[in-house]
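Overview (structure and organization)
So you can see what is in the structure, the chains are spelled out below.
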Amino acid sequence: MPSNTPNNLHITAESSISCSAQNRTTHFKPPISTSPETTISFILKKCIALLQNCASSKFKIKQIHAFSIRHGIPPTNPDMGKHLIYLIVSLSAPMTYAHTIFTQTQTPNVFTWNTMIRGYAESQNPQPAIELYQQMRLNRIHPDTHTYPFLLKAVSKVVNIRVGENIHSTTLRNGFHSLVFVQNSLVHMYAACGKYESAYKVFELIHQRDLVTWNTVINGFALNGKPNEALSLYREMGVQGVQPDGFTMVSLLSACAELGALALGRRVHAYIVKVGLKETFHTNNSLLDLYAKCGRIREAQKIFDDMGERNVVSWTSLIVGLAVNGFGKEALEHFKMMEDLGLVPSEITFVGVLYACSHCGMVNEAFNYFNKMKEEYGILPRIEHYGCMVDLLGRAGLVKEAYEYIQKMPLQPNAIVWRTLLGACTIHGHLALGQVARAELLKLEPKHCGDYVLLSNLYASEQRWADVHNVRRTMINDGIRKGPGHSLVELGNCVYEFVMGDKTHPQTEAIYAMLMEIAKKLKLQGYVPYTGNVLADIEEEEKENALIYHSEKIAVAFMLINTPPGTPIRVVKNLRVCTDCHLAIKFISKVYNREIVVRDCSRFHHFRDGSCSCGDYW
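Because the structure is a prediction, the values reported are computed rather than measured. (Residues numbered from 1 in each chain as written. Predicted model: local features only at pLDDT ≥ 70, side-chain atom pairs only at ≥ 80, totals over all residues. Heavy atoms only, no water.)

**What to know about the overall build of the protein**
Along its length, the protein carries 30 helices and eight strands. A total of 618 residues make up the protein; the buried ones form 48% of that total. Taking the intrachain contacts of the protein between residues at least 6 apart in sequence as the baseline, contacts between residues at least 24 apart amount to 64%. If you sum the accessible surface of the protein, you get close to 30,100 Å²; carbon and sulfur atoms cover 53% of it. (Helix = DSSP H or I, 4+ residues; strand = E, 2+ residues; numbered from the N terminus. Buried < 20%, exposed > 50% of the residue type's maximum accessible area, 1.4 Å probe, protein only. Contact = heavy atoms within 4.5 Å. Areas by Shrake-Rupley, 256 points an atom, 1.4 Å probe, with all protein chains shown as cover.)

In C-alpha cells, the structure reads:
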C-alpha cells in the first residue's frame, strides 16, 4: 500500500462510495478465489464506473483515486489516469491536480493529451496548453481532430499570433484545415489576435458555414473596430438563410454601439424581443451599452431598471455610461447604491468612477475614490487607474501636478499616460512639459502619428511656425501619415461618413449651401468663430473659412436638410471636438431648435437650447 496516500481518504475493501449522480451506493466485493490480476481488473472497472457516474463532486474524485491506489492500481495506470483527468477537467477542478496525475500516467493516449490541453485552454492560465502541444509532438503523439480547436482556443486567450500561424500551417499539412470546427477555431484565433483580415480569408475558404462560423467572423470584426464590415456580414448571413441567435445579436449590438447606429440597434433590440431570444446578462448589458454609446442614456437606464437581475457588469456599464454622457454625479450616486447592495466593485468599475470624476472636474473626490479602491476593496491600481488620475489633473489645468504624479507612480508609465500629459500640455499651453512628454513617447512609440500632431499643435499655439514646419517635415520623411478626422451620422438605415472639406456626397451642393446659411444665422445670434483651433500660419479670414468645413459641421448640415424639424441629430466623431465646433453647435441647437448629441473620442456632448451637458468642461 503506497505510504503517500492521504489518511483522511482511507477506504477499506468493505467500504462503499456513495454516487450522488445516481443516488445509490456501490459496494466493492471482488470475486472470491480469483487471481490478483482479475481482482485489479475488477477494481479498475468499478472505479472507472464510479468516475463516470459521480459527475458532481470534486471531493469524490479524490476518494475514488485514493481507493484505487490503496487496492493495487498503480498511479501510472493509463485507463485510470485518462478517466480521472477527464473528470477533473469536466468539473473545472484545479489543473495542478490533473497535471500531477498526467505526469504519473504511463504512455497517455491522444485523448488524455487532448483533455489536458482542453483543461488548460479553459483555465485562467492557458499557456501550458501550448507547451503540452509542443511536448506532445516531441513525444511523437499525433494530434487528432479534437486537438486543434482546444489548442487554438488557448492561443486566442494568450494572443500569440506567431504560434497560431504555425498551428494553422500544421493543420494544412495534416489535412485538418477542412474540418468546420477547426476552421471556426482558426477564424476565432485570428480575430482574437487582431488579425481580422486573416480571419476573413479563412472564413471565405469555408464552404459549409454553420451558425458558429458566421457568429465568429461577425464578432471578430465587431471586436476589432470594424463595425461596418460586421453589419455587412450580418446582411449576407440573412441572404444565405442562416438564422441568428443570441450570440449574433450581442455582436451586432456591439457593432451598432461602435458606430452610434441607434436606429439599427433598435431594430436588433426589436428582433430580440420579437423572436423571444432568452434574456441574459450578456444581452441586457449589450443593450445597455448600445443606448449609452448612442447618447440615449435614459433608455440605457430603463434597460437597467427593467433587468430582473443585475450583476457587477450591469452596474459598471451604467456607471460608465452616465460618466461619458456627462452625468458624473449620477454615476457616483449609482456607485453608492451598488455598494449599499453589498456588491463588490471591480477594477473596471473604479475606472468608470474615476472617469466620472475626471470629466466633471471632481479632483478631491477622485483621490478619495482612488484611496478607497486600495484600502477598502484591496484592489491594486493598474495603469488604467493611474492614467485616469493623470487625465483628471490635466483636464483641471493642473499640468505640473500631473507630471509630478507620473514621476511618483509605482508603475512604469506607458505611452498612453505620457500622451495624456502631452494632450493636456497642448490644451493648456505648457510647452516645456509637452517637450518632456514627447521625449518619453519617442522612446516608447516613436511612430505614433497622434503624438506628432499634438506636438505640432502645441508649437502652433505658441506661434512657433518654424517648429511646426519641422515636425510636419519629419512626419513626411518618416512616412508617418495622420488619419483624417471624420464624423458619422445615421440616416435611413445607412451610416454616412464625412471628413473635413468633404465633397464626395451626392448632396454636396445642398450641404454647402446649408453651411453658408448656418454661418449667417449664427453670426446674427452673436456667434464669433474661435480661430485658436486653426493651427496654421494664415490670415484670420482664411481661418474662419476653414472652420466652416469641419467634419462635424458638415454632418450636422447634412442632417438638417434631410430630417424633419425637431428631429434629434446624433454625430459620432473620431477625434476630440474642437472649441469652435463646440461653440457653433451650441448656437445651432438653439437657432434650429434641435437636440444635437456629439460623441467624440472621449465623451458625449448633449447640446440643447444653446447649452451643453458638459458645462464647457471637456
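Moving on from the coordinates now.
**Here we look at the sheet that holds strand 7 (residues 604-608)**
The sheet built from six strands is open, its strands ordered 4-3-5-6-7-8 with mixed pairing. Only two strands of the sheet have a single partner each, and these edge strands are strand 4 (494-499) and strand 8 (611-612). Inspection of the sheet shows strand 7 paired to strand 8 by two bridges, in the antiparallel sense. Following the sheet pairing, Phe607 is matched in strand 8 by Cys612. Against the sheet, helix 30 (residues 579-591) contacts strand 6 (596-599), strand 7 and strand 8, and its axis sits at roughly 35° relative to strand 7. (Pairing = 2+ DSSP bridges. Axes fitted to C-alpha atoms, helices over the stretch in contact; angles between N-to-C directions.)

**As for the pairing of strand 7**
The element strand 7 is largely enclosed, with a buried count of four among its five residues. Linking strand 6 to strand 7, which pair antiparallel, is a turn of four residues. Between the end of strand 7 and the start of strand 8, which pair antiparallel, lie two residues, with Asp609 showing a positive phi angle near 50°.

**Concerning the packing of helix 24 (residues 431-444) against helix 25 (residues 449-461)**
Contact geometry for helix 24 and helix 25: axes closest at 11 Å, N-to-C directions at 165°. Considering their axes alone, helix 24 and helix 25 lie roughly antiparallel with respect to each other. Both helix 24 and helix 25 take part in a crossing whose hand is left-handed. Contact residues: helix 24 offers Leu431, Gly434, Gln435, Arg438 and Leu441, while helix 25 offers Asp451, Tyr452, Leu455, Leu458 and Tyr459. (Parallel < 35°, antiparallel > 145°, perpendicular 65-115°, else oblique. Left-handed = near helix turned anticlockwise from the far one by under 90°.)

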